[in-house]
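Chain by chain, the residues:
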Amino acid sequence: MTFSVEAVDVTKRFGASVAVDGVSVQVQEGSIYGLVGANGAGKTTLLRLVIGMLQPDGGEVRLFGERLPRDAAALRQQVQYVAPDMELFRTFTVQEMLRYTGLLYEHFDAERCDRLLDVLQVSRTRRVRHLSTGMKMQMRLAMALSTRPQLLVLDEPATGLDPVVKRQFLQLILQEAAGYGTAVIMATHQLEDVERLVDHVAFMYQGRIVKAGDLEALRGSICKLQVVLPQGLPSWLEDSPHLLHTHHSGQLYTLVLQDIADAAARLREVGATYVETVSMDLDEVFQYVMEKEGYVRNGILLS
Amino acid sequence: MAKGLLAPGDKLPSVRELSMDLTLNHNTVAKAYQELEREGVIEVLRGRGTFVAEHPSPGNLQQRYEQLRRDLRRLAVEALHLQLTDPQVLEMLRDILADIHSGKGDAV
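Residue numbers here run from 1 along each chain, matching the order of that chain's written sequence. For naming, the first written chain is A and the first written ligand is 1, with later ones following in the order written. For this predicted model, a pLDDT threshold of at least 70 governs which residues receive local features, and a threshold of 80 or more governs which side-chain atom pairs are given and counted, while totals over whole chains, interfaces and linings are taken from all residues. For side-chain calculations, the full set of non-hydrogen atoms in the structure is used, while hydrogens and water are omitted.

J.: How should the sheet that holds strand β1 (residues 5–14) of chain A be read in this particular structure?
T.: Working definition: the strands of a sheet are paired by backbone hydrogen bonds and lie parallel or antiparallel to each other. Residue and element names in this part refer to chain A. A pair of strands is considered paired only if DSSP assigns at least 2 bridges between the two. In this description a helix means any DSSP run of H or I spanning at least four residues, a strand means any run of E spanning at least two, and both kinds are numbered starting from the N terminus. Spatially, β2-β1-β4-β5 is the arrangement adopted by the four strands of the open sheet, whose pairing is antiparallel. The sheet is open, and its two edges are formed by β2 (17–27) and β5 (66–67), each paired on a single side. Pairing of β1 with β2 involves seven bridges; the strand directions are antiparallel. What sits directly across from Val5, in β2, is Val27. Its contacts with the sheet put helix α1 (residues 43–50) on β1, β2 and β4 (58–63), and the angle it makes with β2 is roughly 60 degrees. Contacts: residue pairs with any heavy atoms within 4.5 Å of one another. For every element, the axis is a line fit to its C-alpha atoms; helices are fit only across the contacting stretch, and the angle between N-to-C directions ranges from 0 to 180 degrees.

J.: Would you mind going over the nonpolar core with me for this structure?
T.: One broad rule of soluble globular proteins: the nonpolar side chains tend to lie buried together. All names here are of chain A. For our purposes a nonpolar core is just a set of buried Ala, Val, Leu, Ile, Met, Phe, Trp, Tyr and Cys residues, chained together by side-chain atoms within 4.5 Å. Think of it in three bands: residues with accessible area under 20% of the maximum for their type are buried, residues over 50% are exposed, and the middle band is partly exposed, with areas taken using a 1.4 Å probe on protein chains only. By size, the foremost hydrophobic cluster in this structure holds 84 residues, and its most contacted members are Leu63, Met139, Leu151 and Phe203. Throughout the structure description, domain borders are defined by an automatic or database domain assignment. Taken together, domain 1 (3–86 + 151–217) and domain 2 (221–293) each give at least three residues to this core, which thus spans both. Not counting residues within four places of it along the chain, the set of residues in contact with Leu151 comprises Val5, Val50, Leu63, Phe64, Gln78, Val79, Gln80, Thr182, Ala183 and Ile185. Among the nonpolar cores identified, the runner-up in size contains 14 residues, and Leu237, Leu243, Leu255 and Val275 belong to it.

J.: Can you walk me through the packing of aromatic side chains in this structure?
T.: By convention here, two paired aromatic rings are described through the distance between centres and the angle between planes. Residue and element names in this part refer to chain A. What counts as a ring pair is set by centres within 6.5 Å for rings of Phe, Tyr and Trp (its six-membered ring), and what kind of pair is set by the plane angle: stacked under 30 degrees, edge-to-face over 60, tilted for all other angles. This structure, assessed with the given rule, holds five aromatic pairs over all chains. Between Phe89 and Phe92 the ring centres are 5.0 Å apart and the planes differ by 40 degrees, which places this aromatic pair in the tilted class. A relative accessible area of 26% places Phe92 in the partly exposed class. Put simply, the rings of Phe89, Phe92 and Tyr100 touch in pairs and so form one group of aromatic residues. A cation over an aromatic ring shows up here: Arg112 above the ring of Tyr180, its NZ or CZ 4.9 Å from the ring centre. Lying over the aromatic face of Trp236, Arg266 brings its terminal NZ or CZ to 4.3 Å of the ring centre. Any Lys NZ or Arg CZ that is within 6 Å of a ring centre and within 35 degrees of that ring's normal is treated as a charge sitting over the ring.

J.: How should I be thinking about the interface of chain A and chain B in this particular structure?
T.: Size of an interface, as often reported, equals the accessible area lost when the parts are brought together. With 14 residues of chain A in contact, the opposing surface of chain B contributes twelve residues. Accessible area that two parts lose when put together, with a 1.4 Å probe and added across both, is what the buried area reports. Summed over both sides, the interface between chain A and chain B buries roughly 1,100 Å², with carbon and sulfur atoms accounting for 50% of that surface. Salt bridge, as used here, is a side-chain nitrogen of Lys or Arg placed within 4 Å of a carboxyl oxygen of Asp or Glu. The interface formed by chain A and chain B includes two salt bridges. With its nearest N and O atoms 2.7 Å apart, the salt bridge here joins A:Glu216 to B:Lys31. In protein, a polar contact requires one atom able to donate a hydrogen and another able to accept it; more generally it is a pair of N or O atoms within 3.5 Å, and residues adjacent in sequence count only if both atoms are side-chain atoms. Inspection of the region where chain A meets chain B yields nine residue pairs in polar contact (both at pLDDT 80 or more). With seven residues, the top contributor of residues to the side of chain A that touches chain B is helix α6 (residues 163–180) of chain A.

J.: It is not clear to me how the side chain of A:Ser240 should be interpreted in this structure. Could you clarify?
T.: You can see A:Ser240 is positioned in the loop between β11 (222–228) and β12 (243–249). A distance of 2.9 Å separates a polar atom in the side chain of A:Ser240 from the backbone nitrogen of A:His242.

J.: Which parts of the structure should I look at to understand the pairing of strand β8 (residues 183–187) of chain A?
T.: Two faces, one strand: in a regular strand the side chains alternate between the faces of the sheet. All names here are of chain A. In terms of burial, β8 is largely enclosed, as five of its five residues are buried. Burial along β8 is two-sided: Ala183, Ile185 and Ala187 and Val184 and Met186, pointing in opposite directions, are all buried. One ladder, built from four bridges, connects strand β3 (residues 32–37) with β8; its direction is parallel. Within β8, the position partnered with Leu35 by the bridge is Ala187. Examined bridge by bridge, strand β7 (residues 151–155) and β8 share five bridges and lie parallel to one another. Counterpart to Asp155 in the pairing with β8 is Ala187.

J.: Could you clarify how one ought to interpret the pattern of salt bridges in this entry?
T.: Pairs can form between side chains of opposite charge once their charged atoms are near each other. Residue and element names in this part refer to chain A. All chains considered together, the criterion is met by 17 salt bridges over all chains. Lys224 serves as the salt-bridge partner of Glu284, at 2.7 Å between the closest nitrogen and oxygen. Highlighted residues: Glu284 in helix α10 (residues 282–292) and Lys224 in strand β11, separated in sequence by 60 residues. The network of salt bridges with shared partners includes Glu6, Glu60, Arg62 and Arg67.

Dropping the structure here:
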């Protein structure tokens, strides 16, 4: 099977620091892939490697089954990148910016573009430098979707969007994936969006993917339990890679476990008198996975 | 359906429509529909759409009884924490059931 995006063991260094460290990613046609991670984890660098804006120091990226060489003009016709820091011509009007895009992309669909500008209510006559952050993001998305891309790469797509526009934005992305088979990779900190939109997710930390997979499977592999353990934490759990987090007051333990089948039953075997599964949102799952990786920030009291 | 807002034979939105409406991944919605179809709660008529089944049969009855029992147990513990007596708890449950039967109040 051919993936829309296949990154194999990709590494990128900037001087002495390794921004992306042996990362592999596969995105299928019509799939929405969420990339989440700590600040500075390498998400943006990975996205830029995927679109060929950066060249990897190791490994390779294939788009639609073809290797991404330096002069991949034909491949780039099918790829769109939407990011808040993507350069625009500040003195152009919106109309001029779109005409320019139309000249660059052979599949540019002027009718689609008009409809997008109408629904997103972006004024055609305004100058780009007079647009707000959110309005610029809307224009970028309109530009991107007008070229009928096969791959949509989004970096913090919800930046600057109010809740009403954000919903519209997310609907367009869903429609593009489900209706046209466009593959979508999206890096974001908005975990509630990830939870709703994506089918696959990867957690990044310090340049590596520390956990990845089908969203449902990933959620199913991590559970939070409240357990009464009169004999304390069983020895097989101490220092175990399965144990993401533990906290106890007296005999009541809160445990966050990963990749253990029938965790409740196994805990009863070692004397647990009470086991209750506590539900977690993706935000919490992310925090526990990061905590296991050693990423913790403490609160401070400022005087 | 549980709330009586949907009747047998009612048409449900398509996976596409519902996915847009809820801004949820369309695979998630499709999986939910598949599950409901397998449990016989909804029927998919090819080319016509998705409908509430004529005789919706709640699936995995045993599991759901057990879940209900666990939920009730949790609520009973909460009631004991509030120092309600057994007759008070039963009275409350009777009131709620009476409300539901008489059509008063939301079925949550």
